[in-house]
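A look at the structure
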Amino acid sequence: MKKFLHSTFSVWHFPKWKIFLLGIFLAVSIAHISHASSVSPTPKSQIPSTEVSRIVPLTSAWESPQLIRILEDHKGTVESLSFSPDGQILASGGGSLDPRIRIWDLQKGEKIRTLKGHKTRVLALAIASDGETLASGSDDSLLNIWNFKTGKLNHTFSEPASNILSLAISPNGQTLVSGGLDGIKLWDLTKQRPLQNWVRYEIFYSVAISPDGRLLVSGGKDATVKVWDLSTGNFIGSLKGHTQPVSSLVFTPDSQTLITGSYDNAIKVWNIQTGELIHTLFDHTNQIDSLAMNPDGQTLASAGHDGIRIWDLNTQQLIIKFPAHSDWVQSLAFSPDGKTLATGGFDSLIKIWQASPPPQEVLTGNGI
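Residues numbered from 1 in each chain as written. Predicted model: local features only at pLDDT ≥ 70, side-chain atom pairs only at ≥ 80, totals over all residues. Heavy atoms only, no water.

**Some thoughts on the pairing of strand 8 (residues 133–138)**
- Along strand 8, 6 of the 6 residues are buried, which leaves the element largely enclosed by surrounding structure.
- Side-chain alternation along strand 8 places Thr-133, Ala-135 and Gly-137 on one buried face and Leu-134, Ser-136 and Ser-138 on a second face that is also buried.
- Where strand 7 (residues 122–127) meets strand 8, 5 bridges bridge the pair, whose relative direction is antiparallel. Counted as the bridge partner of Ala-126 is Ala-135 from strand 8.
- Counting the residues between successive antiparallel strands, the hairpin from strand 7 to strand 8 contains 5 residues, one of them, Gly-131, with a positive phi of roughly 75 degrees.
- The sheet contact formed by strand 8 and strand 9 (residues 143–147) spans 5 bridges and is antiparallel. Bridging across to strand 9, Ser-136 finds its partner in Asn-144. (Buried < 20%, exposed > 50% of the residue type's maximum accessible area, 1.4 Å probe, protein only. Helix = DSSP H or I, 4+ residues; strand = E, 2+ residues; numbered from the N terminus. Pairing = 2+ DSSP bridges.)

If you want it as structure tokens, here you go:
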């Protein structure tokens, strides 16, 4: 049963001359406030002011994201992004026109190498916590395991029967989970062998593992989020609330909260321990393609056909929204220190944004 808070108000009685003076004071105060609110502060962000919409005056480092670098080498959509554990290296997966993986040095803004091993869109990337292993999944049904530091292709799993749409690696780096058009599968990364098929003949758009390694969650075409115990394989339950496929899943760092994005334009925030829907975030006018959770546990980024939104989960408020790219945004990822946001779009560009850094020129990093 819902609880409602009832507020009580007291009525004060004043002599008429006091009421007259109080009215003059309030009129002057309101005029002063109206004048102050009409003065626009000098924008700190390098995003054009006409493209930015600040919704609430929150105190956040992400109120004015700074575009600090543009990475150019992809010939088509940037489908997926993943940071190395130290935040110095970024991996990006290409689209159907150019299904290659780029590895970038973010400090220099240069491409380190290009990985060739897929025939079509690289829809999913995941880097193990030790920074040694990169997993990539594609529309070509191949699951490739790379040496992230050398770029060597160590192994290819060809067992998936259909498109791989999402990947997740357990915190200990031993278990890889794939979700796609043919269900959910588990893989042993240390021995490079399949473990088991958890769910067959269902379509899953997204998978995620909680930071504490206990839970596996999936987002399905049927608009349902399913939750499992990763160590036992036991099914825990379903979270129902979306009306379209669940395209993206992220946990808060404490593993207590799950955030889900969907093609129904909504973002839902769940208490993963109880299954309770905490609240729903609405502002996107089109489908949500990607979510990224900042390590601060408070800042959430969402991307879709109508650009990027950055949210404050504590206040449930939208901090800022902006297009970011000339075409819709397909992928995004926060760096491990939470100070950098990488975004990839249909315009073939990767853009690197920083949380309120000192002003600087936008640099262009070209492929080598």
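**Brief notes about the pairing of strand 14 (residues 193–200)**
- Alignment of strand 13 (residues 183–188) against strand 14, held across 6 bridges, turns out to be antiparallel. Residue Gly-183 lies in a different strand from strand 14, and its bridge partner there is Arg-200.

**Some words on the sheet that holds strand 21 (residues 266–271)**
- Spatial ordering of the open sheet is given by 19-20-21-22, a layout of 4 strands whose pairing is antiparallel. At either end of the open sheet lies a strand with only one pairing partner, and these are strand 19 (246–251) and strand 22 (276–282). Averaged over neighbouring strand pairs, the angle between their axes works out to 20 degrees when direction is ignored.
- Sheet topology note: the strand 19/strand 20 (residues 257–262) ladder contains 5 bridges and is antiparallel. When the bridges of strand 20 are listed, Phe-251 appears paired with Leu-258. (Axes fitted to C-alpha atoms, helices over the stretch in contact; angles between N-to-C directions.)

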